[in-house]
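# A closer look at the structure
One-letter residues, chain by chain:
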Amino acid sequence: MYMAYGWPQVIPLESGLCPTSEQIIYLKAINRLLLVVSPSHIELWSSSQHKVRLGKYKRDSNSLHREGENLQAVWSPDAKLIAVLTSSFFLHVFKVQFTEKRIQIGGKQPSGLFLATISLLHSEQVPFVNKDLTMSNIVCDNKHMLLGLSNGSLYMISWKAEFCGGFEIDFCHASSTLDEKAYYLNNGLSAKPSILQLELSLSLRLLFVLYSDGKLVLCTVSKKGLKHAELIKFENWVGSGDAVCASVASEQQLLAVGTRRGVVELYDLAESASLLRSVSLYDWGYSVDDTGPVSCIAWTPDNSAFAAGWKSRGLTVWSVSGCRLMSSIRQIGLSASSPMVKRNQDCKYEPLMGGTSLIQWDEYGYRLYAVEEGSSERILAFSFGKCCLNRGVSGTTYVRQVIYGEDRLLVVQSEDTNELKFLHLNLPVSYISQNWPVLNVVASKDGMYLAVAGLHGLILYDIRSKKWRMFGDVTQEQQIQCKGLLWMGKLIVVCNYVESSNSYELLFYPRYHLDQSSLLCRKPLLAKPIVMDIYEDYILVTYRPFDVHIFHVKLSGELTTSTIPDLQLSTVRELSIMTAKSHPAAMRFIPDQLPREYISNNCISSSSDLLTREPARYLCLILRANGELSLLDLDDGRERELTDSVELFWVTCGQSEEKTNLIEEVSWLDYGHRGMQVWYPSPGVDPFKQEDFLQLDPELEFDREVYPLGLLPNAGVVVGVCQRMSFSACTEFPCFEPSPQAQTILHCLLRHLLQRDKSEEALRLAQLSAEKPHFSHCLEWLLFTVFDAEISRQNANKNQMSVLRSDTKFSLLERTCDLIKNFPEYLDVVVSVARKTDGRHWADLFSAAGRSTELFEECFQRRWYRTAACYILVIAKLEGPAVSQYCALRLLQATLDESLYELAGELVRFLLRSGREYEYASTDSDKLSLSPRFLGYFLFPSSYRRQPLDPKSTSFKEQSAHVASVENILESHASYLMLGKELSKLVAFVKGTQFDLVEYLQRERYGSARLENFSSGLELIGQKLQMGTLQSRLDAEFLLAHMCSVKFKEWIVVLATLLRRSEVLFDIFRYDMRLWKAYSVTLQSQSAFAEYHDLLESLEEKLSSIPSMEEMQ
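Since the structure is predicted, the reported quantities are computational estimates derived from the model, not experimental observations.

## Thoughts on the overall build of the protein
Looking only at helices and strands, the protein has 30 helices and 55 strands in total. Burial analysis of the protein (1113 residues in total) assigns 55% to the buried set. Relative to all contacts within the protein whose residues are 6 or more apart in sequence, the contacts with residues 24 or more apart total 57%. When the accessible surface of the protein is totalled, it reaches about 48,500 Å², and 49% of it is carbon and sulfur.

What follows is the structure in structure tokens.
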């Protein structure tokens, strides 16, 4: 799959002669070349490693005035001819020729780029010049071109500039319904709308004609191409009637249709052009008003993804399954209600802000070229990396997740599953400069070695030592044209194309040495392989149409750097399957489900016992090009269909010998339009059964913008990738950053084992992953999914409740709770699940999990007070308000003793409300108890405006029992803190519980709040507050403000001294000189207060300037 990375590059174009339409009219990439046609000139660029302009053709002003601007263009399939139609209906045919002038890029090696000349061969006026017609785009084969006209007809022209004449599509003699035939007949021939676009697929022998009214017509063409116009036959109408553009994926037999609604519709051409699915940005909060209609669509070279551009703003890349891989539009949220960035809100750095007019992939899929609407000055080139899709001749492993670009690898670093990140690994310049681009990448079974092949040769990378290994002899490297790579233990298997004989062969090299002298075996192949796979010492090779050969590899001798063992291949199976289905895209062995002690630690077996052992039966999974997944028995050729719409899959059973492998119970996983699916083996008539686990789960992290890359079996997670964009003020465009994401699947595996009544196996699996950082979340999600399924069953069978309740003794819910009870996370998990579900079903949950008061008591005894607080509402719902208030009061006292004042404050608010709510509005209480938001109101720091604990309020005047208890607990704790002069805790207590400190100070002025002695009080409070920290100073300021409000002079003097607030002290002493003298004497008489002498001097200076009372009299 395709993910964008890095900054978009800008390809600057020459300015024209000020044509009337400032836009590029044609963009095409063929044979490492990029052709750009503007209204007044043509440019030919290199689309290889170095983006260089190779040639151009500029028309002069006389030619533009006489023959009109360039309007439509097409490039011949062999890239030798260019045809251009002008606005004055002139046909220009240009010839492209390369000179011997080499372009020097820099460096020691030559670039391989040569300058090109573009010369005019033919210039003639077309026959329909006087008919006042407009033209569609042009499609072509090797000999002819075809264009559509505004009168609804098609016109044929040869590449020799021969005008073959026009013709119309015959709708009267087609094998379609009467309604379809009558569409244009009822309107008359003259009412036929104009043709906007043509789309041709020579391999499928299909021509698509798009009309201005949004109708899309599917026609068949001759095997010989466009030569025989009379053989272009109408077949069917396609689309919903509002099409504006279309693009066909011949390999996948899919048609993408862009609509005026901004939606892209995918049609399955193998199934009578039926609608497969639709994709749009609606779910990301963008409507057609934001993006405009779809303007252009372009499929990747392998047809696994497509790019769609919009008329008004941006482009997006989608997978066939509907996963959003890349978007140039800034995304804020996933849902339709999510906030989004409108075009006038800080979007000056967004690419293609004015819309997209043309898009084109290069032949390798590493670059996506895009032209902004109305632009003729530049082309944007987006860099893309490709994920290993586990298809074709190259194998891969799910353990190591790799995205490979044209000259680099992006490797997921998964040492810490909490913080996955990509490592950018640049290939050695000495290799990639001569063998650009990267064509094949495969990781070893353990993920510790990477094999990379470019145009020629291959190189190996050791992830542990961080070193590359290459061919020492460049001539040997250039003799290898790698079409596929496979790892077989310590061997690398290369599928090599021999150009001299047009044949294919398998080469076996040891990973420690790449040289002809170390070649262990050379196995010629019968034809070009389409699919290959390796399991242990067996190799599967498949040829077209569907011929399967299985070879056994026998290695005699030790595989070391000092010895070269003998390697022999023997054929053990040959199977030719006759089928009308699409060809295989991937095939993987399904190994025997043997006990681990019988599995060899070495992938290449050297033991004679293992060499003679053959599998009981040969099974393999087949993924066909159309997304169909099936299971094939290679012994008898029987094939069983499993599912469809699959993009990739991973065989997981028998792939690891490690004891910490968490996915050993799984046979394989697949991903497609339905999301992720897990397949488990089971004995009996039905050997495999299926379970969806990502398709409908709304809270899982994997969504339609995260594409799965592989698995971490020791962590039990799926690793995926999604797009992120970083913006900088110093760059015009954002940087596209692939971001790895992890999603646990442990809960699915545990649920599967519990469903099969394998509680002991589930417990062992859970214990293996108990130290993983995601373990608590897995247990929570396991219990939630099981409980949610139980609720759904009850709702669906309300008339059979008695039957359901009779089975609850051995229900899956109880087995799940029994499993989780073995772990300390149990108490947190149960209440977290309760918060996520409707309170009406709590009784069912806690009947299986345990009584809520008992769970609360266990949390209380373990001093897990935050978890205990979560049970308060559950107790209120199930046991009544009196029990919940009693538990809350106990918990309030405990949290105060532990100085958990935020939690204590939430409990206080709950206690003050619970009496009124349960006494006067029980129905409203039910509603609140069902709301997770209300539940979180007292469990977590509240975002609501906190109301102070006011004893003069109506609630306190009522003096209900629980309110009085709350008041007594808070005042007792405040007195405890005040007597101990724990002032920082007092401030936190007041802020957390909203305790009315002013009223308390007024009442306890001569009680617990009294300061007996200034000297001792100043010393003690100074020690308690630790004024050297910012928080302590803030606490002192908070207390000083409250003491000033009640005019508590003793405290004001002490706190103002600690804070060195001379202005506060001055206001007190200026009216009480006796207090000033006592204050001065105390500070001067004790050495402990020497630090305040400068404060004394400042105050004395200020007070001396004030006349004494006697002088004033």
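## Things to note about the pattern of salt bridges
One pass over the full model with this rule turns up 40 salt bridges. Close ionic contact of Glu-906 with Arg-909 constitutes a salt bridge, the shortest N to O distance being 3.5 Å. Of this pair, Glu-906 and Arg-909 both sit in helix α17 (residues 901–920), three residues apart, roughly one helical turn. Residue class for Glu-906 comes out buried when judged on its relative accessible area of 1%. Residue class for Arg-909 comes out buried when judged on its relative accessible area of 8%. For Arg-1061, the salt bridge is made with Glu-1037, and the minimal N-O distance between the two is 2.6 Å. On the criterion of sequence distance, the pair formed by Arg-1061 in the loop between α26 (1049–1059) and α27 (1062–1069) and Glu-1037 in helix α25 (residues 1030–1046) is long-range, its members being 24 residues apart.

## A closer look at the sheet that holds strand β54 (residues 717–726)
Reading across the sheet, the three strands line up as β53-β54-β55 and stay open at both edges, with antiparallel pairing between neighbours. Only two strands of the sheet have a single partner each, and these edge strands are β53 (707–712) and β55 (735–744). Along the sheet, successive strands turn relative to each other by an average axial angle of 35 degrees, direction set aside. The sheet contact formed by β53 and β54 spans five bridges and is antiparallel. From the neighbouring strand, Leu-711 faces β54, where its bridge partner is Val-718.

## As for unusual backbone geometry
In the segment running from Trp-436 into Pro-437, the intervening peptide bond is cis, with an omega of 0 degrees. Checked against the element boundaries, Pro-437 lands in the loop between α4 (429–435) and β33 (440–443). Backbone torsion omega between Arg-544 and Pro-545 reads 0 degrees, so that peptide bond is classified as cis. Within the secondary structure, Pro-545 is located in the loop between β42 (538–543) and β43 (547–556). At Gln-253, a position not held by glycine, the phi torsion is positive, near 55 degrees.

## Some points on the packing of aromatic side chains
Enumeration over the complete set of coordinates arrives at 28 aromatic pairs. Seen from their ring centres, Tyr-901 and Phe-989 are 5.7 Å apart, and the 70 degrees between their planes marks the pair as edge-to-face. With Tyr-901 in helix α17 and Phe-989 in helix α22 (residues 983–993), this residue pair connects regions lying 88 residues apart in the sequence. When its relative accessible area of 0% is taken as the criterion, Phe-989 is described as buried. Chaining the aromatic ring pairs together yields one cluster made of Tyr-901, Phe-989, Phe-995 and Tyr-1000. Cation over ring: Arg-890 sits above Phe-860, and NZ or CZ is 4.4 Å from the ring centre. One cation-aromatic arrangement involves Arg-1005 over Phe-1048; the distance from NZ or CZ to the ring centre is 4.9 Å.

## Some thoughts on the side chain of Asp-362
Following the sequence through the fold, Asp-362 ends up in the loop between β27 (356–361) and β28 (367–372). For the buried Asp-362, no salt bridge exists, and the shortest N-O distance to an oppositely charged side chain is 5.8 Å, to Arg-367. Among the polar contacts made by the side chain of Asp-362, one reaches the main-chain amide nitrogen of Tyr-366 at a distance of 3.0 Å. Those residues in contact with Asp-362 that lie beyond four places of it in its chain are Ala-29, Ser-47, Pro-301, Arg-367 and Tyr-369.

## Points about the packing of helix α7 (residues 746–755) against helix α8 (residues 759–768)
As a packed pair, α7 and α8 sit with axes 8 Å apart at the nearest point and diverge in direction by 160 degrees. What the angle tells us is that α7 and α8 run roughly antiparallel. Along this stretch, α7 crosses α8, giving a crossing that reads as left-handed. Between α7 and α8, the contacting residues are Leu-746, Leu-749, Leu-750, Leu-753 and Leu-754 on the first element and Ser-759, Glu-761, Ala-762, Leu-765 and Ala-766 on the second. Looking at the contact of α7 with α8 residue by residue, the classes come out as eight nonpolar, one polar and one charged.

## Some details on a positive patch on the surface
There is a patch of like positive charges on the surface, built from Lys-143, Lys-160, Lys-224 and Lys-227. Mapped onto the elements of the fold, Lys-143 is located in the loop between β11 (135–140) and β12 (144–149).

## Some words on helix α28 (residues 1073–1085)
Given a rise of 1.5 Å per residue, 13 residues ought to cover 18 Å, and the 18 Å separating the end C-alpha atoms of α28 matches this to within 8%. Where α28 is concerned, the buried positions are Trp-1076, Tyr-1079, Ser-1080, Thr-1082 and Leu-1083. An end-on view of α28 places all buried positions within 165 degrees of arc, on one side of the element. Relative to its buried face, α28 has exposed residues pointing more than 90 degrees away, namely Arg-1074, Lys-1077, Val-1081, Gln-1084 and Ser-1085. Elements that come into contact with the buried residues of α28 comprise α24 (1014–1025), α26, α27 and α29 (1093–1104).

## Points about the pairing of strand β21 (residues 264–268)
Of all five residues making up β21, five are buried, and the element is well covered by its neighbours. Along β21, one buried face is formed by Val-264, Leu-266 and Asp-268 and the opposite face, lined by Glu-265 and Tyr-267, is buried too. As paired strands, strand β20 (residues 254–259) and β21 are joined by five bridges and run antiparallel to one another. Bridging across to β21, Val-257 finds its partner in Glu-265. With antiparallel pairing between neighbouring strands as the criterion, β20 and β21 make up a hairpin whose turn holds four residues, including Gly-262 at a positive phi of roughly 80 degrees. Relative to strand β22 (residues 274–279), β21 runs antiparallel, the two sharing five bridges. Looking at the pairing, Tyr-267 lines up with Leu-275 of β22. What sits between β21 and β22 in their antiparallel hairpin is a turn of five residues, with Ser-272 showing a positive phi close to 55 degrees.

Reading the values: the criteria
All chains use their own residue numbering, which begins from 1 and follows the written sequence. Local features in a predicted model are, by the rule used here, given only for residues with pLDDT of at least 70; side-chain atom pairs are given and counted only at 80 or more, and totals for whole chains, interfaces and linings are based on all residues. The side-chain quantities take in all heavy atoms of the structure and omit both hydrogens and water. A run of H or I in DSSP counts as a helix once it spans at least four residues, and a run of E counts as a strand once it spans at least two, with each numbered from the N terminus. Three exposure classes are used, based on accessible area relative to the maximum for each residue type with a 1.4 Å probe and protein chains only: buried under 20%, partly exposed in between, and exposed over 50%. Throughout, a residue-residue contact means that at least one pair of heavy atoms, one from each residue, lies within 4.5 Å. The accessible surface values rely on the Shrake-Rupley method and a 1.4 Å probe; as for residues, cover is taken only from the protein chains in view. What counts as a salt bridge is simple: a side-chain nitrogen of Lys or Arg found within 4 Å of a carboxyl oxygen of Asp or Glu. We treat two strands as partners when DSSP finds at least two bridges between them. Axes here mean lines fitted to C-alpha atoms, for a helix over just the part in contact, with angles spanning 0 to 180 degrees between N-to-C directions. Centre distance within 6.5 Å is the pairing criterion for rings of Phe, Tyr and Trp, where only the six-membered ring of Trp is used; planes under 30 degrees apart are then read as stacked, over 60 as edge-to-face, and the remainder as tilted. Only when the NZ of Lys or the CZ of Arg is both within 6 Å of the ring centre and within 35 degrees of the ring normal is a charge said to sit over the ring. Here Asp and Glu are counted as negative and Lys and Arg as positive; His is not counted, and neither are the chain ends. We define a polar contact as two N or O atoms separated by no more than 3.5 Å, with the added condition that, inside protein, one atom must be a possible hydrogen donor and the other a possible acceptor, whereas residues neighbouring each other in sequence contribute only through side-chain atom pairs. The scheme is simple: roughly parallel for angles under 35 degrees, roughly antiparallel for over 145, roughly perpendicular for 65 to 115, oblique for anything else. When the near helix sits turned anticlockwise from the far one by under a right angle, the crossing is termed left-handed; a clockwise turn instead gives a right-handed crossing. Under the convention adopted here, Pro, Cys and the residues Ala, Val, Leu, Ile, Met, Phe, Trp and Tyr are nonpolar, Asp, Glu, Lys and Arg are charged, and Gly plus all remaining residues are polar. By definition, no residue in a patch forms a salt bridge, and every one has over 30% relative accessible area; like charges are joined within 9 Å, nonpolar side chains (Val, Leu, Ile, Met, Phe, Trp, Tyr) within 5 Å. Every charge is mapped onto a representative atom, which is NZ of Lys, CZ of Arg, CG of Asp or CD of Glu. What a helix should span is 1.5 Å times the count of its residues minus one. Working definition: the arc comes from the directions between the helix axis and the C-beta atoms, pointing outward to the latter.

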